[in-house]
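Geometric and topological summary
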Amino acid sequence: MLVEGNEVGVAMLGMSGFSVLEAREVAGELGLVVETGQVVVGCTGCGVRAVSHGRRETLIRDLPVSGRPTRLRWRKRLWRCHEPLCARQTWTETTALILGRASLTERAKTAMCEQVGRDGDSVAAVAREYGVGWQTAMNAVTVRGMPLIADLDRLAGVTALGLDETVFLKACRTHPTLYVTGMVDVRTGRLLDLVENRTAAAVSTWLDGRDEAWKAGIDTVAIDPYQGYATALKGHLDHAHLVADHWHVIRLANAMVDDVRRRVQQDTPGHRGRKGDPLYGIRRTLLFASDRLTARQWARLDAAWDAGDPHDETYLAWAVKEALRDVYAASCDEEGQEALQAFYGWAADSGLPEARRLAGTMRRREAPILAWHTTGGASSARAEATNLLIKKIKRVGHGFRNFDNYRLRLLLHCGATWHTPRAARIRGRSPRFAA
Ligand SMILES: [Zn+2]
């Protein structure tokens, strides 16, 4: 469709029924004077034809035009009813595109929600782009986003549930570190929900809100076995397999290696201070998986053990950690069982109190650890899903103090389904390849 003259403004504005009377750029912003062509209107009270009573201007922010924040000056018509018996005297015209007393057009609210929610833009950046304040932008995201989040269809089809704690706000003068618990669909990596705290009660309350059919569909629950989550599942998901994720376990093993290394460093006479200490120099290398070490890293480990580990304690702690890794490297349940027994052997023989403590912890959580093999590696997909989630939480959560805003934002970004039509390409090839 080719348009000319006044029609150009109508076509570019793209708001049905509105025409553009004037366009002016002031200080990097675009100002458009717009009005509707309404001429015949019935009284909303009695239906008698209303009489025009002049116009009143109202300012509304709209979508940016060609990279400039845009403000509409809408010349709203005032109507009056001349029917003497009618109680309705005057009113202003209305449109579904701009709600009464709104500071943003409806389509601007939708677009802001998509940019923040779907694309992960920051609220501050979007607010700037539209020429509004942070709170106005956040309100638009809330108004448009809440219905998407309230739609429980987004929870459908989950068979493996993962529970993870993440730091929401670091400790400061006014509060301790605040945690949230994320519920993840382990098989797809989709974020299902976020609740405040990392307590069993928080998770249990969330499960109270799920119906029986949904719970019956869950066959596996992957958890950090050292938190209270297992308690929360009782009475809700008793039928599901409990799986302990290997990185939670490996994290504990790594902490044990660190503890031993620090103790040895402190106990060793002639300890040369942090930087020059041979054990300090390999503190990271000690935590790598041995099958990923390069020849140079092996040589550094050997040299440091020779120089700074007189009773082989750091070496033994490292070997215990590696034995535990083997449990997860095992390809079946029997192999896993064997590897676990070998780990207990290493831990006992090492004589290290730290290693014995770790073995004790593992003994109490054997079933979920070994379940890792029988549940078809649910955990490896989960590792990725959770890592991604944590990254997003860190990036998206920056600047959020309010949990509800934070939850909304994350769910829009990692949990909602967006049905946005894509614009047609203007070149044959994707711009990615054309660059
Ligand atoms: Zn009337």
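Before any of the text, the structure's been laid out above.
Notes on the structure follow.

What follows concerns the sheet that holds strand E6 (residues 160-169). Taken together, five strands build an open sheet; the order of strands is E8-E7-E6-E9-E10 and the sheet is mixed. Of all strands in the sheet, those bounded by a partner on one side alone are strand E8 (190-196) and strand E10 (241-244). Pairs of neighbouring strands in the sheet enclose a mean axial angle of 25°, with direction left out of account. Pairing geometry for E6 and strand E7 (residues 178-185), over eight bridges, is antiparallel. Residue pairing in the sheet places Asp 164 in a bridge with Gly 182 of E7.

Moving on: the coordination of the zinc ion. Donor atoms from the polypeptide that bind the zinc ion are Cys 43 (SG), Cys 46 (SG), Cys 81 (SG) and Cys 86 (SG), placed at 2.2 to 2.4 Å. Geometry at the zinc ion is tetrahedral, judged from the four donor atoms that bind it and their angles of 104 to 115° at the metal. Positions of the donor residues of the zinc ion along the chain correspond to the pattern C-x2-C-x34-C-x4-C. Placement of Cys 46 in the loop between strand E2 (29-36) and strand E3 (51-65) and of Cys 81 in the loop between strand E4 (68-80) and strand E5 (90-92) is noted, with a sequence separation of 35 residues between them.

Glancing now at the nonpolar core. Met 256, Leu 324, Phe 343 and Met 362 are the most contacted members of the largest nonpolar core, which totals 34 residues. Of all the elements in the fold, those that place two or more residues in this core are helix H8 (246-267), helix H10 (295-308), helix H11 (313-329), helix H12 (333-350), helix H13 (353-364) and helix H14 (366-374). The biggest single contributor to this core is H11, with eight residues. Apart from the residues within four sequence positions on either side, Leu 324 is in contact with Val 249, Ala 253, Phe 343, Leu 358 and Met 362.

Quick look at the pattern of salt bridges now. The tally for this structure, following the rule as stated, stands at 20 salt bridges. Between Arg 118 and Asp 119 there is a salt bridge whose closest N-O contact spans 2.7 Å. Of the residues examined, Arg 118 reaches a relative accessible area of 28% and is grouped as partly exposed. A relative accessible area of 36% means that Asp 119 is categorised as partly exposed. Arg 263 is the partner of Glu 313 in a salt bridge, and the nearest nitrogen-oxygen pair spans 3.0 Å. With Glu 313 in helix H11 and Arg 263 in helix H8, this residue pair connects regions lying 50 residues apart in the sequence. Among the residues examined, Arg 263 registers a relative accessible area of 23% and is labelled partly exposed. Linked through salt bridges whose partners overlap, the residues forming this network are Arg 263, Asp 267, Glu 313 and Glu 354.

Within this structure, the stated rule accounts for seven aromatic pairs. Seen in terms of ring centroids, Trp 206 and Trp 214 are 5.7 Å apart; in terms of plane orientation they differ by 85°. Their pairing is edge-to-face. As far as burial versus exposure is concerned, Trp 206 and Trp 214 are alike and both buried. Among the aromatic residues, ring-to-ring pairing joins Trp 298, Trp 305, Tyr 315 and Trp 318 into one connected group. Residue placement shows Arg 283 over the ring face of Tyr 280; its charged tip is 4.0 Å from the ring centre. The side chain of Arg 363 reaches across the aromatic face of Tyr 344, ending 3.9 Å from its centre.

Let us look at a negative patch on the surface. A cluster of acidic side chains, namely Asp 333, Glu 334, Glu 335 and Glu 338, defines a negative patch on the protein surface. Summarising the element assignment, Glu 338 is placed in helix H12.

Calculation notes
- Residues numbered from 1 in each chain as written.
- Predicted model: local features only at pLDDT ≥ 70, side-chain atom pairs only at ≥ 80, totals over all residues.
- Heavy atoms only, no water.
- Pairing = 2+ DSSP bridges.
- Helix = DSSP H or I, 4+ residues; strand = E, 2+ residues; numbered from the N terminus.
- Axes fitted to C-alpha atoms, helices over the stretch in contact; angles between N-to-C directions.
- Donors = N, O, S within 2.8 Å, 3.2 Å for Na, K, Ca; no water.
- Tetrahedral: all angles 85-135°; square planar, octahedral: opposite > 155°, others 65-115°.
- Core = buried A, V, L, I, M, F, W, Y, C linked by side-chain atoms within 4.5 Å.
- Buried < 20%, exposed > 50% of the residue type's maximum accessible area, 1.4 Å probe, protein only.
- Contact = heavy atoms within 4.5 Å.
- Salt bridge = Lys/Arg side-chain N within 4 Å of Asp/Glu carboxyl O.
- Phe/Tyr/Trp six-rings, centres within 6.5 Å; stacked < 30°, edge-to-face > 60°.
- Lys NZ or Arg CZ within 6 Å of the ring centre and 35° of its normal.
- Patch = residues over 30% accessible without salt bridge, like charges linked within 9 Å, V, L, I, M, F, W, Y side chains within 5 Å.
- Areas by Shrake-Rupley, 256 points an atom, 1.4 Å probe, with all protein chains shown as cover.
- Lys, Arg positive; Asp, Glu negative; His and termini not counted.
- Charge placed at Lys NZ, Arg CZ, Asp CG, Glu CD.

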